[in-house]
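Each chain, letter by letter, is given below.
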Amino acid sequence: MTTHQWKHKDLCALADHTPDELITILDTAKAFKGVGERNLKKVPALRGKTLVNFFIEPSTRTRISFELAAMRLSADVINISASASSLEKGETLLDTARNLEALRADLIVIRHQSAGSARFLADRLNASVINAGDGAHEHPTQGLLDAFTIREKLGYIKGVHVAIVGDILFSRVARSNIQLLTKLGAEVTLVGPSTLVPATFACLGVKLVHSIDEVLEEVDVINLLRIQYERQRKEYFPGLGEYTARFGLTKKRAERIKPECLIMHPGPMNRGIEIDSDVADGRGSVILDQVTNGLAVRMAVLYLCSGGAPFAPVTPSATDSLS
Amino acid sequence: MNASLHIKGGRIIDPANGIDRIGDLFVRDGIIVDSLPKNEKGERGAEVIDATGKVVSPGLIDIHVHFREPGQSHKETIATGARCAAAGGFTTVVCMPNTSPVADSPATIAWIQERAASTACVNVFCTGAITKGLAGEEMAPIGALAAAGVVALTDDGRCVQNHGVMRRAVEYARHYGLPVMDHCQETTLSADGVMNEGEWSTRLGLPGWPSLAEDLIVARNILLAEETGHPIHCQHISSARSVRLLREARQRGVPITAEACPHHIALTDGELKNFDTNFKMNPPLRTQADIDEIIAGISDGTITILASDHAPHATYEKEVEFDRAPFGILGLETELALFLEILLHQRKALTLPQILGMLTVNPAKFLRLDRGTLSTGAPADITILDPDHAWTVDKNESSSLSRNTPFHGHSLRGRALTTIVGGKVVWDLESGFRS
């Protein structure tokens, strides 16, 4: 049994990593998930390390999840928001980050509204940079926790048919999911209005469908994305009512999906818009499991990027773990 | 310094006169002459430049540069921009009006002209804005700008969105014989776009600037040029469909012209994969299909002028998040080499005389400059170059105040060796600038 080595100081985009590396993270996360199930939910893996949660864009669950993940690894954690930083005074992102590094931050978790911002810092800092969402580019730990959840619930990823529904164009979650799932052998179908699922996405090796009704019966996972109506100009679709009528996972539509189909959502949910409340809380919903698994995945990422040795795969080999 | 020059034994290429021969070229008092008086020949008289094995061309002309003065002299000054031009083999440049203040008044034009006269080592001509403050709403004082000596009008950096304003400006400019140049970008379509809309914007999650936004304005300009009968020049063409629109219009005799920049035929949008802001420019880098069509357009005469869109930005301004970085790259010092490398060596799309024609006589004719030729009696603006000279771009050797080039480390073939302005050597590769 061999364990793939993790040689990266940063995690900026899942597009940068090989299937073996991605499996390494998932395997390591599986080992870390046990930590959260103990009475004493803490290990010393990052004792003496300092993590800065540098959230330029607002976030609740991701920031808290990273914070808790770091604490469970015994790291010291500092949280910084844009309004509480010198960015408000006109300081550049790079200068602010360099100051954090000068204070001996070992890990910087960044969320930023600009695509590429994590890579921008990672290329210029010695500290490990973890992307917690950069514009519409990627949200790697969300992609990992989604894959982790699918693997945990269904037992495999290779061959699973995943529908990602909604605002694909502006979604970093979708891009990370597409990268990871296609690399691990899943079949991915993007569903949404043609304005939010433009034809260029076909270059990512996915199928494009412009009606949710076309895929309901055949998919193993439905991942519903939040309609970011506040970020979109109105030309992308006529209105929320029409969106729900065409693409919402209503209770009636949910009756048509396979019994074992997983219903996922990265949150925060717009109940009654992309998903009916009954469906969000009903059978097949793994939305809260995703939150729990996010903690394990982020522990694994922080641990590996700090130079921690990957844990031996729980499954016999990386290849077997795909199927 | 000698008032006379004797350039010996070079391959003289003068596209304006259809000349391509080995021979000597003589200069006296800043003018090209047929021969020198006997007492000025030899080493005691004229300065002798041995051009054996080299090419002697009319001084290169770039009709699209940004020198940042007035207002942003931390990026570039007219003096440093001119040195970039000289080091790139350019003897004449045409400055864009998006300075601060905008070059939309005779006073600003006069300031630039005085600054150029006192500090620039090459000829610097000005364009004036089409609209006040480049706002696209009210015409700039076009008659006064013409009287002040601008050679064309453009809102470059921006595009006049209001078709009515553009139509009236073109009609009005016609009266003064001023060509109109346009940065073709329909802004409701390009919106917040920071790179080409396509596969790579999809992968990177960056807002796309579709080529459709350029095509639409190119089509608008074709119609306006046809309607008014007045020349409109489409700047820095980046898309295949724009080239096809221009080709068809030119075949019909519409007075529409276009230029291409080196980066738009050297690089695709895939270069942005690491979010390097040195690849961020407007219009953006596009696809290989666009490159192929632009080169086809250069080959078949659809595009008649080559230019750099030299756009310096300070390092600290570029070293920010991708969507916050300004558009633009340095161009003058790598322009000739890139055109030679791609059009002559790699693609064999044009002959050397054809390429030099697009950098000399074509821009001179378009803007009615009394340059771009080695005719007897013409101003002695001369570039001596070696189309095979192999070199590696080093941004730290640039004469610019900025360093924003995506070509740092690129190996290229072709380089200017000596730049002569008004009969005086202002720069040569071996000894540098002669201040």
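Everything quoted here is computed from the prediction, not taken from an experiment.

Definitions and cut-offs
Residues numbered from 1 in each chain as written. Chains lettered and ligands numbered in written order. Predicted model: local features only at pLDDT ≥ 70, side-chain atom pairs only at ≥ 80, totals over all residues. Heavy atoms only, no water. Helix = DSSP H or I, 4+ residues; strand = E, 2+ residues; numbered from the N terminus. Rg over C-alpha atoms; globule rule 2.2 N^0.38 Å. Buried < 20%, exposed > 50% of the residue type's maximum accessible area, 1.4 Å probe, protein only. Contact = heavy atoms within 4.5 Å. Lys, Arg positive; Asp, Glu negative; His and termini not counted. Charge placed at Lys NZ, Arg CZ, Asp CG, Glu CD. Expected span 1.5 Å × (residues − 1). Polar contact = N/O pair within 3.5 Å; in protein donor to acceptor, adjacent residues only side chain to side chain. Axes fitted to C-alpha atoms, helices over the stretch in contact; angles between N-to-C directions. Parallel < 35°, antiparallel > 145°, perpendicular 65-115°, else oblique. Left-handed = near helix turned anticlockwise from the far one by under 90°. Nonpolar A, V, L, I, M, F, W, Y, C, P; charged D, E, K, R; others polar. Core = buried A, V, L, I, M, F, W, Y, C linked by side-chain atoms within 4.5 Å. Buried area = accessible area lost by both parts, 1.4 Å probe. Salt bridge = Lys/Arg side-chain N within 4 Å of Asp/Glu carboxyl O. Disulfide = S-S within 2.5 Å. Pairing = 2+ DSSP bridges. Phe/Tyr/Trp six-rings, centres within 6.5 Å; stacked < 30°, edge-to-face > 60°.

Asker: Explain the overall build of chain A to me, please; I cannot follow it from the model alone.
Answerer: Check the secondary structure of chain A and you find 11 helices and nine strands. A globule of 323 residues ought to have a C-alpha radius of gyration of about 20 Å, and chain A, at 19 Å, matches this closely. Taking the principal axes of its C-alpha atoms as reference, chain A extends roughly 55 × 50 × 40 Å. In chain A, which comprises 323 residues, the share counted as buried stands at 57%. Put simply, 73% of the contacts in chain A that link residues at least 6 apart link residues at least 24 apart. Across chain A, the 38 positively charged side chains and the 37 negatively charged ones have centroids separated by 3 Å.

Asker: Could you clarify how one ought to interpret helix α6 (residues 172-183) of chain A in this entry?
Answerer: Three or four residues apart is the spacing at which side chains of an α-helix point the same way, because the helix has 3.6 residues per turn. Residue and element names in this part refer to chain A. Along its 12 residues, α6 runs 17 Å from first to last C-alpha, staying within 8% of the 16 Å computed at 1.5 Å per residue. In terms of residue burial, α6 counts as a mostly covered element, since 10 of its 12 residues are buried. Of all the positions in α6, only Arg172, Val173, Ala174, Arg175, Ser176, Asn177, Ile178, Gln179, Leu180 and Leu181 are classed as buried. For α6, the side-chain oxygen to backbone nitrogen distance between the N-cap and Val173 is 3.2 Å, and the N-cap itself is Ser171.

Asker: Mind showing me how you'd approach the packing of helix α5 (residues 140-154) of chain A against α6(A) here?
Answerer: Each pair of packed helices gets described by two things: the angle between the helix axes and the distance between those axes. Residues and elements named next belong to chain A. Interaxial distance between α5 and α6 falls to 8 Å at its minimum, and their mutual angle equals 50°. What the angle tells us is that α5 and α6 run oblique. By crossing handedness, the relation of α5 to α6 is classed as right-handed. The residues of α6 that touch α5, namely those facing Pro140, Gln142, Gly143, Leu144, Asp146, Ala147 and Ile150, are Val173, Ser176, Asn177, Leu180 and Leu181. Among the residues making up the contact of α5 with α6, the classes are represented as seven nonpolar, four polar and one charged.

Asker: Before we go on, may I ask you to explain the nonpolar core in this structure?
Answerer: Ranked by internal contacts, the top residues of the largest apolar core, which has 79 residues, are Val124(B), Ile256(B), Ile298(B), Ile303(B), Leu306(B) and Leu343(B). Contacts of Leu306(B), omitting those with residues within four sequence positions, involve Ile61(B), Ala260(B), Ile298(B), Glu335(B), Phe339(B), Leu343(B), Ile355(B), Met358(B) and Leu359(B). Grouped together as the second largest cluster of nonpolar side chains are 61 residues, Leu51(A), Ala69(A), Phe148(A) and Ile150(A) included.

Asker: Would you mind showing me how to read the interface of chain B and chain A here?
Answerer: Accessible area lost upon the coming together of the parts serves often as the stated size of an interface. Between chain B and chain A, the contact holds 18 residues from the first and 21 residues from the second. Both sides together, the interface formed by chain B and chain A hides about 1,600 Å², and carbon and sulfur atoms give 53% of it. At the boundary of chain B and chain A, one finds one salt bridge. We note a salt bridge from Arg124(A) to Glu319(B), for which the minimum N-O separation is 3.1 Å.

Asker: I tried to follow the state of the cysteines on my own but got confused; where do I start?
Answerer: Working definition: the covalent bond between the sulfur atoms of two cysteines is a disulfide. The tally for this structure, following the rule as stated, stands at zero disulfides over all chains. The cysteine Cys305(A) is free of any disulfide, with Cys12(A) supplying the nearest cysteine sulfur at 8.6 Å. Given the relative accessible area of 5%, Cys305(A) is considered buried. With no disulfide of its own, Cys234(B) has Cys184(B) as its nearest cysteine by sulfur position, at a separation of 3.9 Å.

Asker: Please clarify how the sheet that holds strand β8 (residues 123-126) of chain B should be interpreted in this entry.
Answerer: Across a sheet, strands are paired by hydrogen bonds formed along the backbone, either parallel or antiparallel in direction. All names here are of chain B. The three strands are arranged β6-β7-β8 in an open sheet whose pairing can be described as parallel. The sheet terminates laterally at β6 (60-65) and β8, the two strands that pair on one side only. With direction set aside, neighbouring strand axes in the sheet form an average angle of 20°. Bridge analysis of strand β7 (residues 90-95) against β8 gives four bridges, and the strand direction is parallel. Considered in β8, the bridge of Val94 is made with Phe125. Running over the sheet, helix α12 (residues 332-346) touches β6 and β7 and is turned about 120° from β6.

Asker: Hey, could you run me through the sheet that holds strand β15 (residues 305-306) of chain B in this one?
Answerer: All names here are of chain B. Pairing is parallel in the open sheet, where five strands are placed in the order β9-β10-β13-β14-β15. In this open sheet, the two edge strands, each paired with only one partner strand, are β9 (153-154) and β15. Relative to strand β10 (residues 180-182), β9 is paired through two bridges, and the arrangement is parallel. Paired with Thr154 across the bridge in β10 is Met181. Along the sheet, helix α7 (residues 211-228) makes contact with β10, β13 (232-234) and β14 (256-260), crossing β13 at roughly 165°.

Asker: Looking at this structure, how should I read the packing of aromatic side chains?
Answerer: Each aromatic ring pair is described using two quantities: the centre-to-centre distance and the angle formed by the ring planes. Tallying each qualifying case throughout the model produces five aromatic pairs over all chains. The interplanar angle of 45° and the centroid separation of 5.4 Å between the aromatic rings of Phe237(A) and Tyr243(A) together place this pair among those described as tilted. Using a relative accessible area of 6% as the deciding quantity, one classes Phe237(A) as buried. The class of Tyr243(A) is buried, set by a relative accessible area of 2%. Centroid distance Tyr172(B) to Tyr176(B): 5.5 Å. Interplanar angle 50°. Geometry classified as tilted. Of this pair, Tyr172(B) and Tyr176(B) both sit in helix α4 (residues 163-176), separated by four residues, roughly a single helical turn.

Asker: Got a minute to help me understand the environment of Arg271(A) in this structure?
Answerer: Residues and elements named next belong to chain A. Mapped onto the secondary structure, Arg271 falls in the loop between β9 (262-264) and α9 (277-280). Once the C-alpha coordinates of Arg271 and Arg226 are considered, the two residues, 45 residues apart in sequence, prove to be 9.6 Å apart. In this structure, Arg271 is in contact with Ser277, Ala280 and Asp281, ignoring residues within four places of it in sequence. Within polar-contact distance, the side chain of Arg271 engages the side chain of Ser277 at 2.7 Å. For Arg271, the side chain forms a polar contact with the side chain of Asp281, separated by 2.9 Å.

Asker: Just checking my understanding: could you explain the pairing of strand β16 (residues 382-392) of chain B for this structure?
Answerer: Side chains on a regular strand alternate between the two faces of the sheet. Residues and elements named next belong to chain B. Of the pairings in the sheet, the one linking strand β5 (residues 55-58) to β16 comprises four bridges and is antiparallel in character. Its bridge partner lying in β16, Ser57 is registered against Thr383. Where β16 meets strand β17 (residues 411-421), eight bridges bridge the pair, whose relative direction is antiparallel. Bridge assignment links Asp386 to a residue of β17, and that residue is Arg415.

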